[in-house]
Amino acid sequence: SHLEWVDGDMVAYVSDMPGDLFKVATVNSNLFTAEVPASAENIFVVYPVGENDGKTLDMVKATLSSEIVQNQGESFNGELLPMYAYAPLSSSDRIDVVYQCVASIIRFTISGEDSQDQALQSVKLTAAESLSGNYSLDLQQQTMVFEGVSNEISVTYTGEREDLLLSSSHDIYMVVPSALFTDVDV
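These notes cover the structure that comes with them. (Residues numbered from 1 in each chain as written. Predicted model: local features only at pLDDT ≥ 70, side-chain atom pairs only at ≥ 80, totals over all residues. Heavy atoms only, no water.)

Description of the pattern of salt bridges
Should the charged atoms of two oppositely charged side chains come close, the side chains can pair. Convention followed: Any carboxyl oxygen of Asp or Glu that lies within 4 Å of a side-chain nitrogen of Lys or Arg is treated as forming a salt bridge with it. Remark: exposure states derive from per-residue accessible area (1.4 Å probe, protein chains only) relative to the maximum for the residue type, with buried under 20%, exposed over 50%, and partly exposed in between. We count a stretch as a helix when DSSP gives it H or I for four or more residues in a row; a strand needs E for two or more, and each element gets its number in order from the N terminus.
Counted under the stated rule, the structure contains four salt bridges. The shortest N-O distance in the salt bridge between K23 and D20 comes to 2.9 Å. Residue class for D20 comes out buried when judged on its relative accessible area of 11%. For E51, the salt bridge goes to K61, with nearest N and O atoms at 3.5 Å. Of this pair, E51 sits in the loop between β3 (42–47) and β4 (61–64) while K61 sits in strand β4; the two residues are ten residues apart in sequence, bridging distant segments of the chain.

This is the structure:
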């Protein structure tokens, strides 16, 4: 998937200074302004903000939801795909950070040419492995680690009934951990 920052997107960031708390910044023109303590050496950024505002670095969390609502006609909601960046600070006023996606996007294209009067309402995906849960930061490795809570994801598809008819194709998006899955059922 090709994701781009949109003016108004929000990120949470924190330095590696003990006691520093996550703050929220707004992205404009692919940039955001961060206020970090002068003696900080690194910055950690997470998207979306989620519940991280005001938390310490060791409390950071990114969530893969088991229940998603998708409106017909809307493109993929980037806030469903958690990303993070960990970067050294420098004396420069500008720092480039490289974001890591912690999950993968699955897109289902669903249509039914012979189903003129049937509408798409939902899609459910199950697997033997966990599909939804939370990511937390492994401070030593500076990576996010997944802890699953459910092996099921469901997308409720909404819109006007005539727009949901299976005579047209519909793209459904799900975000899952980047992994191999077994016993998959849709």
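Here we look at the nonpolar core
Quick note on the threshold: Only buried residues count toward a nonpolar core, which is a set of Ala, Val, Leu, Ile, Met, Phe, Trp, Tyr and Cys residues joined through side-chain atoms within 4.5 Å. By definition in these notes, contact holds between two residues if any of their heavy atoms fall within 4.5 Å.
Core analysis: the biggest nonpolar cluster contains 20 residues, and F22, F44, V60, Y135 and M144 have the highest contact counts within it. The set of elements that each furnish at least two residues to this core consists of β1 (10–15), β3, β4, β10 (132–138) and β13 (170–177). Beyond its immediate sequence surroundings of up to four residues, F22 is in contact with A12, Y13, V14, F44, V46, N52, D53, G54, K55, T56, L57 and V60. Judged by nonpolar contacts, the second largest core, of 15 residues, contains F108, L125, L131 and I172.

What about the sheet that holds β1?
To keep it simple, the criterion reads: Criterion used throughout: strands pair if DSSP finds at least two bridges between them.
Spatially, the five strands line up as an open sheet ordered β2-β1-β3-β6-β7, and their pairing is antiparallel. Looking at strand neighbours, the two that pair on one side only are β2 (23–26) and β7 (100–101), the edges of this open sheet.

Things to note about unusual backbone geometry
Residue Y47 is joined to P48 through a cis peptide bond whose omega torsion reads -5 degrees. Along the polypeptide, P48 turns up in the loop between β3 and β4. Despite not being glycine, N30 has its phi angle at roughly 65 degrees, a positive value. Tracing the backbone through its elements, the reader meets N30 in the loop between β2 and β3.

Digging into the layout of surface pockets
The cut-off we apply is this: The definitions used throughout rest on a 1 Å grid laid over the protein atoms alone, on which a cavity is an enclosed set of points accommodating a 1.4 Å probe that cannot get out and a pocket is an open set flanked by protein within 12 Å on both sides along at least five of seven lines; lining residues are those having an atom within 4 Å of a point. Grid points are joined across faces, edges and corners, and a volume is the space filled by probe spheres set on the points. Put simply, Ala, Val, Leu, Ile, Met, Phe, Trp, Tyr, Cys and Pro go in the nonpolar bin, Asp, Glu, Lys and Arg in the charged bin, and everything else, Gly too, in the polar bin.
For the largest pocket, the calculated volume is near 510 Å³. Residue composition of the lining of the largest pocket, grouped by class: twelve nonpolar, four polar and three charged.

Thoughts on the sheet that holds strand β12 (residues 152–158)
Short version of the rule: Where helices are involved, their axes are fitted lines through C-alpha atoms of the stretch in contact, as for all axes, and angles between N-to-C directions lie from 0 to 180°.
A sheet is described by the order of its strands in space; here three strands give the open sequence β5-β12-β9, paired in mixed fashion. Each edge of the open sheet is held by one strand with a lone partner, namely β5 (67–71) and β9 (122–126). Neighbouring strand axes in the sheet, compared pairwise and without regard to direction, differ in orientation by 15 degrees on average. Relative to β12, β9 runs antiparallel, the two being bridged by five bridges. Within β12, the residue paired with L125 across the bridge is I153.

Topic: the side chain of S132
With respect to the helices and strands, the residue S132 is situated in strand β10. In contact with S132, not counting residues within four places along its chain, are L64, S65, S66, F146, G148, V149, S150 and E152.

Description of the environment of V176
Position of V176 relative to the elements: it lies in strand β13. Separated by 46 residues in sequence, V176 and S130 have C-alpha atoms that sit 8.6 Å apart. Every residue in contact with V176, bar those within four places of it in the chain, is listed here: L64, A103, S104, I106, L125, L131, I153 and F181.

What to know about the side chain of H170
The cut-off we apply is this: Each polar contact in these results corresponds to two N or O atoms within 3.5 Å; when the atoms are within protein, one needs to be able to donate a hydrogen and the other to accept it, and residues that are neighboring in sequence are counted only if both atoms are side-chain atoms.
With respect to the helices and strands, H170 occurs in strand β13. Judged by its relative accessible area of 2%, H170 falls in the buried class. At 3.0 Å, the side chain of H170 and the side chain of Y157 are in polar contact. Those residues in contact with H170, other than ones at most four positions away along the chain, are Q72, F108, T109, I110, L120, Y157, D163, L164 and L165.

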